[in-house]
Amino acid sequence: MKTHFCIPVSQQLPDALGGRYVLYSVYLDGFLFCRVRYSQLHRWNEQLRRVFGNSLPPFPPKYYLAMTTSMADERRDQLEQYLQNLPMDPNVLRSDVFIDFVKQLQLVASQKIVLCQELLCYFGLFLIRFHKEGKLSVVKKMADFELPYVILQSSQVENCKVGLRKWYMDPSLDSMLMDCKAAVDLIYLQAIQDIEKEWAKPTQAQREKLTALQKEDNQTKFLELSREVQHYGCLQLDPCTCDYPEPGCLAVVSVGNNEISCRITLPDDQTQDVIFQMNRVKCWQVTFLGTLLDMDGPQRTLNQNLELRFQYSEDSHWQWFVIYTKQAFLLSSCLKKMISEKMVKLAAENPEMQIEVPEEGKSKRNHIQQSQWKNYSNFLPRKSKISIKVAENDCVFGTIKEEDL
């Protein structure tokens, strides 16, 4: 999965010898990932170069004299470019040197529920926010190398927990998990939750049958019927706005099953259901529209204004559609997941064609034209830089309680 690093904030702090050093706040997909010094990144880069040589992106050089403000800004920008370009090589992203630097903890959670090792790739850890009215929001999908405990403490989003959810967008892939009791338990519980939260929308007849099957605890039949339910297996975003059919329209977006489904509220309060098929999406990009310091509430947070725009074929011509949502990175990850699953299915249906699959550990050479799939996603950096203050004693490591998970 493509990762989006940025370094919007840095601060100077005193060291033990009376000097000063710069601490960089690294954000991943719009959320605080870590705070790190140049020297730490420099040592990491040296380790990577011993493995990958000159194939790595350029790393900003050391300065042996005091840096000016412009030099410090230039270094921050160069470090940001380095972190953005580094994961573009999947071999680097999967390397022990990369993963060990940030410590992978996903396997710990998976082993506690006795999930079959070969099925781990069908699940992922998510940062989930619970609202007072009983609703929930999936804030972000955690990358494999992120520390769940640390992300939970540093997210600066209230009422969040780390949740385990299935990580595939094609409902037919349920069939791959049916021989593992732990996996079936997980997707069964998620199906129940998605129906209760009205992410999946059964008809009245379907709801009655599902209720009866749930009382019987017939998980297999329940999941079989669930796959016939509208939006089953889809991820629903928080209410947002879009520019279709006119700018400023409210929208509820569900993504999955090879489509982007939007229920749009028009200016006259009428609703319109619009479905965008993924096989007609040419490309998309996420853009920072600006970053503000939100002083409301008990914590100071970075208020990220994001948009995701995608190019879509309609009536034989290409048109751009824009969705304004703080979950733009999550939406982008879902779109890329659907493309990846489509390519895997295409490779299975055409064994004589070798398709390059942009997934972890699944890379094959291709011998056919793939112009429609290449460079299908992009990330545009923030349009305005910010300057904020960070508390010197701000630490993500705290007492982690059982109820936090």
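Residues numbered from 1 in each chain as written. Predicted model: local features only at pLDDT ≥ 70, side-chain atom pairs only at ≥ 80, totals over all residues. Heavy atoms only, no water.

Observations concerning the overall build of the protein chain
Part 1 of the reasoning: When helices and strands are tallied, the protein chain shows 10 helices and 15 strands.
Part 2 of the reasoning: Across the 405 residues in the protein chain, those meeting the buried criterion constitute 47%.
Part 3 of the reasoning: Within the protein chain, contacts between residues separated by at least 24 positions form 56% of all contacts whose residues are at least 6 apart in sequence.
Part 4 of the reasoning: Summed over all atoms, the accessible surface of the protein chain reaches about 21,800 Å², with 50% contributed by carbon and sulfur. (Helix = DSSP H or I, 4+ residues; strand = E, 2+ residues; numbered from the N terminus. Buried < 20%, exposed > 50% of the residue type's maximum accessible area, 1.4 Å probe, protein only. Contact = heavy atoms within 4.5 Å. Areas by Shrake-Rupley, 256 points an atom, 1.4 Å probe, with all protein chains shown as cover.)

So, the nonpolar core
Part 1 of the reasoning: Of all hydrophobic cores here, the largest spans 44 residues; its most connected members are Ile-264, Phe-310 and Leu-335.
Part 2 of the reasoning: Broken down by element, this core gets its largest block of residues, nine residues, from helix α10 (residues 328-349).
Part 3 of the reasoning: Phe-310 has contacts with Ile-260, Phe-276, Val-281, Cys-283, Trp-284, Gln-319, Trp-320, Phe-321 and Ile-323, leaving out every residue within four places of it along the chain.
Part 4 of the reasoning: The next biggest cluster of nonpolar side chains, apart from the first, holds 32 residues, and it includes Ile-7, Phe-145, Ile-151 and Cys-160. (Core = buried A, V, L, I, M, F, W, Y, C linked by side-chain atoms within 4.5 Å.)

Considerations on the pattern of salt bridges
Part 1 of the reasoning: The tally for this structure, following the rule as stated, stands at eight salt bridges.
Part 2 of the reasoning: Of the charged contacts in the structure, one is a salt bridge between Arg-165 and Asp-194, with a shortest N-O distance of 3.7 Å. Of this pair, Arg-165 sits in strand β6 (residues 160-166) while Asp-194 sits in helix α7 (residues 181-196), placing them 29 residues apart in sequence.
Part 3 of the reasoning: Residue classification places Arg-165 among the buried residues on the basis of a relative accessible area of 6%. (Salt bridge = Lys/Arg side-chain N within 4 Å of Asp/Glu carboxyl O.)

Observations concerning the sheet that holds strand β4 (residues 123-130)
Part 1 of the reasoning: If you trace the three strands from one edge of the open sheet to the other, you get β5-β4-β6, paired in antiparallel fashion. The two strands at the open ends of the sheet, each matched to only one other strand, are β5 (136-141) and β6. Strand-to-strand twist across the sheet, computed as the mean angle between neighbouring axes with direction ignored, equals 40 degrees.
Part 2 of the reasoning: This element, α7, spans β4, β5 and β6 of the sheet and lies at about 115 degrees to β6. (Pairing = 2+ DSSP bridges. Axes fitted to C-alpha atoms, helices over the stretch in contact; angles between N-to-C directions.)

Regarding the packing of aromatic side chains
To describe a pair of aromatic rings, you give the distance between the ring centres and the angle between the ring planes.
Part 1 of the reasoning: Considering all chains together, one arrives at 15 aromatic pairs under this definition.
Part 2 of the reasoning: The interplanar angle of 35 degrees and the centroid separation of 5.5 Å between the aromatic rings of Tyr-38 and Phe-59 together place this pair among those described as tilted. Highlighted residues: Tyr-38 in helix α1 (residues 38-52) and Phe-59 in the loop between α1 and α2 (69-85), separated in sequence by 21 residues.
Part 3 of the reasoning: Of the residues examined, Tyr-38 reaches a relative accessible area of 9% and is grouped as buried. (Phe/Tyr/Trp six-rings, centres within 6.5 Å; stacked < 30°, edge-to-face > 60°.)

Quick look at α2
The periodicity of an α-helix, 3.6 residues per turn, causes residues three or four places apart in sequence to face the same way.
Part 1 of the reasoning: For α2, built from 17 residues, the straight-helix expectation of 24 Å at 1.5 Å per residue is met to within 8% by its first-to-last C-alpha distance of 24 Å.
Part 2 of the reasoning: All of the buried residues along α2 are Arg-75, Arg-76, Leu-79, Glu-80, Tyr-82, Leu-83 and Gln-84. (Expected span 1.5 Å × (residues − 1).)

Structural notes on the pairing of strand β11 (residues 271-277)
Part 1 of the reasoning: One ladder, built from seven bridges, connects strand β10 (residues 259-265) with β11; its direction is antiparallel. From the neighbouring strand, Ile-260 faces β11, where its bridge partner is Phe-276.
Part 2 of the reasoning: A loop of five residues connects β10 with β11, the two strands running antiparallel in sequence, and Asp-269 in this loop sits at a positive phi of about 70 degrees.

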